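# Breakdown of the fold
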Amino acid sequence: MHQEEGIAAGAGQQETVPGSAASRLISGIASPFLAERERWMLWLPVVLGCGIGGYFLLKAEPPLWVGGAGLGAAIGLAVLLHRSLNGRLLALLVCAFALGFAAAQYRSQTAGTLFLDRQIGPVIVEGHLVRIEQRPGDRRLTLEPTRIGRLSPDEMPRRVRMVVRSEIPEIALGDRIRLRAVLRPPPGPSAPGAFDFQRHAYFEGIGGVGYAIGDVSRLAEGKPAGFWVAVDGLRRTITERIRAILPDETGAMAAALLTGDRSGLSEQTLETMRDSGLAHLLAISGLHMGLVAGTVFFTLRFLMALSPALALNQPIKKWAALAALAASFVYLLLAGATVPTQRAFLMTGLVLVAVLIDRVAISLRLIAWAAAFILLLAPEVMLGPSFQMSFAAVLLLVAFYEANRERFAAFRAGAGPLRQGFLYLSGLIATSVLATAGTLPFAAYHFNQVALYGVLANMAAVPLTAFWIMPWGVLALLLLPFGLEGLALAPMGVGIDGVLAVGAWISALPGAVLAVPAMPAAALLAVSLGGLWLALWQRAWRFAGIVPVVAGLAMPWVAAQPVLLVDGEAKLVALRGTNGLAFSSVRAASFTAENWLQRAGQERRIAMPRPGSGGRDGIACDGLGCIGEVGRLKVAIIRDPQALAEDCRSADIVVALVPIRQRCPSARLVVDRFDLWRHGAHALYLEDGVLRLDSVGADRGIRPWSPDPAAQRNR
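Residues numbered from 1 in each chain as written. Predicted model: local features only at pLDDT ≥ 70, side-chain atom pairs only at ≥ 80, totals over all residues. Heavy atoms only, no water.

## Thoughts on the nonpolar core
Heads up, the condition is: Residues grouped as a nonpolar core are buried Ala, Val, Leu, Ile, Met, Phe, Trp, Tyr and Cys residues, joined through side-chain atoms within 4.5 Å. The buried label goes to any residue with under 20% of its type's maximum accessible area, the exposed label to any with over 50%, and the partly exposed label to all in between, with areas taken from a 1.4 Å probe on protein chains only. Only DSSP runs of H or I with at least four residues qualify as helices, and only runs of E with at least two residues qualify as strands; both kinds are numbered from the N terminus onward.
Core analysis: the biggest nonpolar cluster contains 53 residues, and Met 253, Leu 278, Met 492, Ile 496 and Val 499 have the highest contact counts within it. Mapped onto this core, the elements with two or more residues apiece are helix H7 (227-245), helix H8 (248-259), helix H9 (267-275), helix H10 (286-305), helix H12 (316-334), helix H13 (339-356), helix H18 (454-479) and helix H19 (486-507). Phe 101, Leu 532, Ala 535 and Leu 536 belong to the second-largest nonpolar core, a separate cluster that totals 39 residues.

## Notes on the side chain of Arg 605
Stated formally: Charged residues are defined narrowly, with Lys and Arg counted positive, Asp and Glu counted negative, and His plus the chain ends left uncounted. Counted as salt bridges are all cases of a side-chain nitrogen of Lys or Arg within 4 Å of a carboxyl oxygen of Asp or Glu. Counted as a polar contact is a pair of N or O atoms within 3.5 Å, where, for protein atoms, one must be capable of donating a hydrogen and the other of accepting one, and residues adjacent in sequence contribute only when both atoms are in side chains. Contact between two residues is taken to exist if any of their heavy atoms lie within 4.5 Å; hydrogens are not considered.
Here Arg 605 is to be found in the loop between helix H22 (590-600) and strand E11 (606-607). Look at Arg 605: it is buried, it has no salt bridge, and the nearest opposite charge is Glu 594 at 6.5 Å. At 2.7 Å, the side chain of Arg 605 forms a polar contact with the backbone oxygen of Ser 585. Residues in contact with Arg 605, not counting those within four places in the same chain, are Leu 572, Phe 583, Ser 585, Val 586, Arg 587, Ala 588, Ala 589, Ser 590, Ala 593 and Leu 597.

## Quick notes on the side chain of Asp 647
For Asp 647, the location among the structural elements is in helix H23 (residues 644-650). Buried charge without a partner: Asp 647 forms no salt bridge, and the closest opposite charge is Lys 634, 5.3 Å away. In contact with Asp 647, other than residues within four places in its own chain, are Ile 627, Ala 636, Ile 638, Val 654 and Ser 666.

## Comments concerning the environment of Leu 509
Along the polypeptide, Leu 509 turns up in the loop between H19 and strand E7 (513-515). Given the relative accessible area of 24%, Leu 509 is considered partly exposed. Sequence separation between Leu 509 and Tyr 453 is 56 residues; the distance between their C-alpha atoms is 8.5 Å.

## Notes on the packing of aromatic side chains
The relative placement of two aromatic rings is captured by the distance of their centres and the angle of their planes. Note the following rule: Two aromatic rings from Phe, Tyr or Trp, using only the six-membered ring of Trp, form a pair when their centres are within 6.5 Å; if the ring planes differ by under 30 degrees the pair is stacked, by over 60 it is edge-to-face, and anything between is tilted. Only lysine NZ and arginine CZ atoms are considered, and such an atom sits over a ring when it is within 6 Å of the ring centre and within 35 degrees of the ring normal.
Considering all chains together, one arrives at 22 aromatic pairs under this definition. An angle of 85 degrees between the planes, with centres 5.6 Å apart, marks the rings of Tyr 55 and Phe 101 as edge-to-face. Of this pair, Tyr 55 sits in helix H3 (residues 44-57) while Phe 101 sits in helix H5 (residues 85-111), placing them 46 residues apart in sequence. The burial state of Tyr 55 is the same as that of Phe 101; both residues are buried. A network of ring pairs unites the aromatic residues Tyr 55, Phe 56, Phe 101, Phe 115, Tyr 202, Phe 203 and Trp 705 as a single cluster. The ring centre of Tyr 685 lies 4.2 Å from the NZ or CZ of Arg 692, which sits over that ring.

## Quick notes on the confidence of the model for the protein
Stated formally: Residue-level confidence of the predictor, termed pLDDT, takes values from 0 up to 100.
Counting all residues, the mean pLDDT for the protein is 86, and 94% of those residues have values of 70 or more. Considering only residues more than four positions removed or in separate chains, one finds that residues 1-18, a stretch of pLDDT under 50, has 20 contacts.

## A look at the packing of H12 against H13
As a reminder, the rule being used: Here an angle of 0 to 180 degrees is reported between the N-to-C directions of two axes, which are lines fitted to C-alpha atoms, with helices fitted over the stretch in contact. In these notes the angle categories are as follows: under 35 degrees is roughly parallel, over 145 is roughly antiparallel, 65 to 115 is roughly perpendicular, and the rest is oblique. We call Asp, Glu, Lys and Arg charged. Ala, Val, Leu, Ile, Met, Phe, Trp, Tyr, Cys and Pro are nonpolar, and the rest, Gly among them, are polar.
Following both chains from N to C, one finds H12 and H13 inclined at 170 degrees, their axes separated by 9 Å at the closest point. When the interaxial angle is binned, H12 and H13 end up roughly antiparallel. Here Lys 317, Lys 318, Ala 321, Leu 322, Ala 324, Leu 325, Ser 328, Phe 329 and Leu 332 of H12 lie close against H13, whose contacting residues are Thr 341, Gln 342, Phe 345, Thr 348, Gly 349, Leu 352, Val 355 and Leu 356. In the contact of H12 with H13, the residues fall into 10 nonpolar, 5 polar and 2 charged.

## Considerations on the sheet that holds strand E14 (residues 633-638)
Put simply, the rule is: Strands pair, by our definition, only if DSSP identifies at least two bridges between them.
Strands sit in the order E12-E13-E14-E15-E16 across an open sheet of 5 strands; the sheet is mixed. Each edge of the sheet is formed by a strand with only one pairing partner; in this case those strands are strand E12 (620-622) and strand E16 (669-671). Neighbour to neighbour, the strand axes of the sheet diverge by 15 degrees on average, direction disregarded. For E12 and strand E13 (residues 625-630), the ladder comprises 3 bridges, and the chain directions are antiparallel. Within the sheet, the bridge partner assigned to Asp 622 lies in E13 and is Gly 625.

## Some thoughts on the sheet that holds strand E2 (residues 138-148)
What the 5 strands build is a closed barrel, ordered E1-E2-E3-E5-E4; its pairing is mixed. The average angle at which neighbouring strand axes cross in this sheet is 50 degrees, direction not considered. In the sheet, strand E1 (residues 120-135) pairs with E2 via 10 bridges, with the strands oriented antiparallel. Looking at E2, one finds that Gln 134 is bridged to Arg 139. Where helix H6 (residues 197-204) meets the sheet, it contacts E1, strand E3 (159-164) and strand E5 (206-218), and its direction lies at approximately 75 degrees from that of E5.

## Observations regarding the pattern of salt bridges
When the charged atoms of two side chains lie near each other, side chains of opposite charge can form a pair. In the structure shown here, the tally under the stated rule is 18 salt bridges. Between Arg 176 and Glu 126 there is a salt bridge whose closest N-O contact spans 3.2 Å. Separated by 50 residues along the polypeptide, Arg 176 in strand E4 (residues 176-184) and Glu 126 in strand E1 bring together distant segments of the chain. The partner of Arg 241 in a salt bridge is Glu 485, and the shortest N-O contact between them spans 3.0 Å. Residue Arg 241 is found in helix H7, and its partner Glu 485 is found in the loop between H18 and H19; the two are separated by 244 residues along the sequence. A relative accessible area of 6% places Glu 485 in the buried class. Each of Glu 126, Arg 147, Arg 176 and Arg 178 takes part in one network of salt bridges that share partners.

## So, the state of the cysteines
Stated formally: Cysteine sulfur atoms that come within 2.5 Å of each other are treated as a disulfide pair.
Under the counting rule described, the total for this entry stands at 2 disulfides. Between Cys 621 and Cys 626 runs a disulfide, and the two sulfur atoms are separated by 2.0 Å. Classification of the bridge connecting Cys 621 and Cys 626 rests on its S-S torsion, roughly 105 degrees, and on that basis the disulfide is right-handed. Cys 626 carries the same exposure label as Cys 621, and that label is buried. Two residues, Cys 648 and Cys 664, share a disulfide whose sulfurs are 2.0 Å apart. With Cys 648 in helix H23 and Cys 664 in the loop between strand E15 (653-656) and E16, the pair connects residues that are 16 residues apart, well separated along the chain. You'll find Cys 648 and Cys 664 in the same group, each marked buried. Cysteine pairing in the protein follows 1-2, 3-4, where each cysteine in a disulfide is numbered by its order in the sequence. With no disulfide of its own, Cys 95 lies 15 Å from the sulfur of Cys 50, the closest cysteine sulfur.

## Structural notes on a nonpolar patch on the surface
Here is the rule we go by: Patch building starts from residues that exceed 30% relative accessible area and form no salt bridge, then joins like charges within 9 Å and nonpolar side chains (Val, Leu, Ile, Met, Phe, Trp, Tyr) within 5 Å. The accessible surface values rely on the Shrake-Rupley method and a 1.4 Å probe; as for residues, cover is taken only from the protein chains in view.
A surface patch of nonpolar side chains, amounting to about 480 Å² of accessible area, comprises Tyr 424, Leu 425, Ile 429, Val 433 and Phe 467. The dominant element in the nonpolar patch, judged by the number of residues it contributes, is helix H17 (residues 417-447), at 4 residues. Along the chain, Ile 429 turns up in helix H17. The partly exposed category is assigned to Ile 429, whose relative accessible area is 35%.

## Thoughts on H22
Taken together, the buried positions of H22 are occupied by Thr 592, Ala 593, Asn 595, Trp 596, Leu 597, Arg 599 and Ala 600. On its buried face, H22 sits against strand E8 (564-566), strand E9 (573-577) and strand E10 (580-583).

Shown next as structure tokens:
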């Protein structure tokens, strides 16, 4: 049977009414689908991602056998349906979905991170240092503990992470250190639908977070020698030598680009780079890895091409690719081998391997295989901004240039200097626009803001980084063993100053940053699937993907926003008034408050009226709590148990930061300290006069990274 016959048979079943709408619809879908069968494989990582997403959307952890059994059943289905094209397609889709689900479940079960069940400390913490993160004003240390106060080995997490603000001695990876610290379980989301740090910590193996009190001491015994210790020492040495030559922010940014150490960058510089859309230049990613590999590849190939004997008789292109692959691996180590840099190395490595085996170096097929490999290896990365933004930008760029390759080749043929310059400028503009457009929805979803002039900033900063800063940086690394790195760092610093000047100029423009209200997950899904439909197909039907993209981008402004928020630790309440969210405190729970402000698209924290100061914005407060309104409903925010007797008889909505052990006869909704302890932060919505109460616990369910608090307490 021909391939067309399989789907045509399915379409023919609907042809009982000639010319019917259903028949025309099926024919209209089947025809372009068959015509693009060579691109079906590109959807493999998408279906894998759907299986992974299906696992993470569950509200309860499925039994261990579900993933394996589902994959086995899918393989059995493929065997049964292999004779028919329709059957094979269906079976492959089910297999890919089941494989993604099984991979996510397996990764979750093997992570097996044990969380602390309560806050403890100050206690003595001892352990081996496995990670040092330099940050402006402090350091963040990750330990594999051997002692945490009086906890037994069965109660200790595999890893804990602490912020240290005091001076610490010279320490390196592998050192055994001691400090006093306050530790707690990783916090859950600050609101339903917000970033789940607890899930992120679970997959990183971090079962406790906190802060150090007093000094850190390095114990004399127990320092193991090893490869990563040597690499860490080399990174620090390089960072120190860079900063010794380049001053202030210039040296700090050079270190960030070459070793991934951003500790010297001031908060003002970080904010400037974010607001101008250039923050991606500070985090070592696919761009940096590609620039390092490209610099080594093209430089070596050019030098070897100067020798006719080599160029005519030896595979110099492959030699250059091997050298670039080695340079990329060294850069991976210098950057700390973090998860984003590992992903960037994988992508770059696949491109170079394609050169070695005489395949097209950059194609959508290559991107699809890289994405599938990463998703199977670490399924949880699909939920994070790094994976989403990097693949979105690369996918859109490759799809655009692949679709227009013949047009560009024809325009480039016989082009003189003027046309070549126009082509370069056009390519630069198109690349900046496409990369910005690809990452914009994900920046809006994860960070609740969009740099409106990011295209303009990147048009100036990215070429400067690609053709000036990074080549000089690679040369500086090569000159380091000879003590001559200053020869390359000086011109590199000039380029960095140019990027910083661009960032400062763009971020100072009026309306440089657009605050975006919280974007529903459904909106991101619509944008993602619509964008994939637009990028992966080639025929005219791909333009149907524009509809879900536009709908998803509009959702943040039409979706309901919470009218009341309560944090899970009963420290903070925010009530929406005419001027935005009004907060019960201007100091408490600063991280949570900042997150709420970002999700609301609000610039600053508005305080509820002080007790006895009279009402403002429909809210009045006294020493026991506050009274406000949601629609026409009276809301009581109770801080002191003495207010319960009165407010429980008069309020329609009662939010108590203390336990309630009595009935509230007038209340339609009651949230008290017990609810917050059991279910985390709460959010109240008012949609068409109907109240809807959501909580972090209801949103996440009971999963390995969000255990039942009662079970934790009784463990």
